[in-house]
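Results of the structural survey
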Amino acid sequence: MNTWLCPEAVQRVEQACAAFLSHDATIEQVQAALRRSEQEIVALDEKWLRSLLFDAENKLEEILYTVSDDRQAQAASEVIRHILHSIQAPRSA
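So, a few notes on the structure that sits alongside this text.

So, about the packing of aromatic side chains. One pass over the full model with this rule turns up one aromatic pair. Judged by centre distance (5.9 Å) and plane angle (35 degrees), the rings of Trp4 and Trp48 are tilted. Placement of the pair is Trp4 in the segment before helix H1 (7-21) and Trp48 in helix H3 (residues 47-66), with a sequence separation of 44 residues. When its relative accessible area of 16% is taken as the criterion, Trp4 is described as buried. Using a relative accessible area of 26% as the deciding quantity, one classes Trp48 as partly exposed.

Following this line, the structure appears as structure tokens:
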């Protein structure tokens, strides 16, 4: 298990991702959670996490505007699963 410098931010991301995957949140709601957490993560040691969230937020924005409505959930799920995998997997320094 990881010890985070900003555990509340990471928990918010995990909850938003889980809510989306269980069809209880929209892409926009996940984006908002990512954006808020990204802004809280300022520690240099977690720069990789901030970058991950920033990139994922931008990918979700791209999906909203470039992917047909019937494929958005599937495309967003891939991005969201990547986030969850990245924050749950042990990080190599």
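Let us now look at the nonpolar core. With 26 residues, the main nonpolar core has Leu34, Leu49, Leu60, Ile83 and Ile87 as its most contacted residues. Elements that contribute at least two residues to this core include exactly H1, helix H2 (27-40), H3 and helix H4 (69-88). Setting aside residues no more than four positions away along its own chain, Ile83 makes contact with Val13, Cys17, Leu34, Leu52, Leu53 and Ala56.

A word on the side chain of Gln31. On the secondary structure map, Gln31 appears in helix H2. Of the residues examined, Gln31 reaches a relative accessible area of 4% and is grouped as buried. If we ignore the near neighbours within four places in the chain, the residues touching Gln31 are Glu57, Leu60, Glu61 and Leu64.

As a further point, take the side chain of Arg12. Within the secondary structure layout, Arg12 lies in helix H1. In contact with Arg12, not counting residues within four places along its chain, are Ala33, Arg36, Ser37 and Glu40.

Further remarks concern H4. Taking 1.5 Å of rise per residue, 20 residues should cover 28 Å, and H4 covers 29 Å from first to last C-alpha, within 8% of that figure. Buried within H4 we find Gln72, Ala75, Ala76, Ser77, Val79, Ile80, Ile83, Leu84, Ser86 and Ile87. Its buried side turned inward, H4 meets H1, H2 and H3.

Another point: H2. With 14 residues, H2 ought to run about 20 Å at 1.5 Å a step, and its terminal C-alpha atoms sit 20 Å apart, in line with that. Three or more residues of H2 are buried, namely Ile27, Val30, Gln31, Ala33, Leu34, Ser37 and Glu38. Buried positions in H2, seen along its axis, are confined to an arc of 165 degrees and lie on one side of it. In this structure, the buried side of H2 is in contact with H1, H3 and H4.

Bringing the pattern of salt bridges into the picture now. Between side chains of opposite charge, a pair can form as their charged atoms come close. On inspection of all chains with the given rule, the structure shows three salt bridges. A salt bridge links Glu57 to Arg35; the nearest nitrogen and oxygen atoms lie 2.7 Å apart. A residue pair is termed long-range when its members are at least 10 positions apart, and Glu57 in helix H3 and Arg35 in helix H2 qualify at 22 residues. Residue Glu57 is classed as buried on the basis of its relative accessible area of 10%. Residues Arg36 and Glu40 are paired through a salt bridge, measuring 3.7 Å at the closest nitrogen-oxygen approach. Placement of the pair is Arg36 and Glu40 together in helix H2, with a separation of four residues, close to one helical turn. Classification of Arg36 by relative accessible area gives partly exposed; the value is 49%. The network of salt bridges with common partners includes Arg12, Arg36 and Glu40.

So, how was this worked out
Residues numbered from 1 in each chain as written. Predicted model: local features only at pLDDT ≥ 70, side-chain atom pairs only at ≥ 80, totals over all residues. Heavy atoms only, no water. Phe/Tyr/Trp six-rings, centres within 6.5 Å; stacked < 30°, edge-to-face > 60°. Helix = DSSP H or I, 4+ residues; strand = E, 2+ residues; numbered from the N terminus. Buried < 20%, exposed > 50% of the residue type's maximum accessible area, 1.4 Å probe, protein only. Core = buried A, V, L, I, M, F, W, Y, C linked by side-chain atoms within 4.5 Å. Contact = heavy atoms within 4.5 Å. Expected span 1.5 Å × (residues − 1). Arc of directions from axis to C-beta. Salt bridge = Lys/Arg side-chain N within 4 Å of Asp/Glu carboxyl O.

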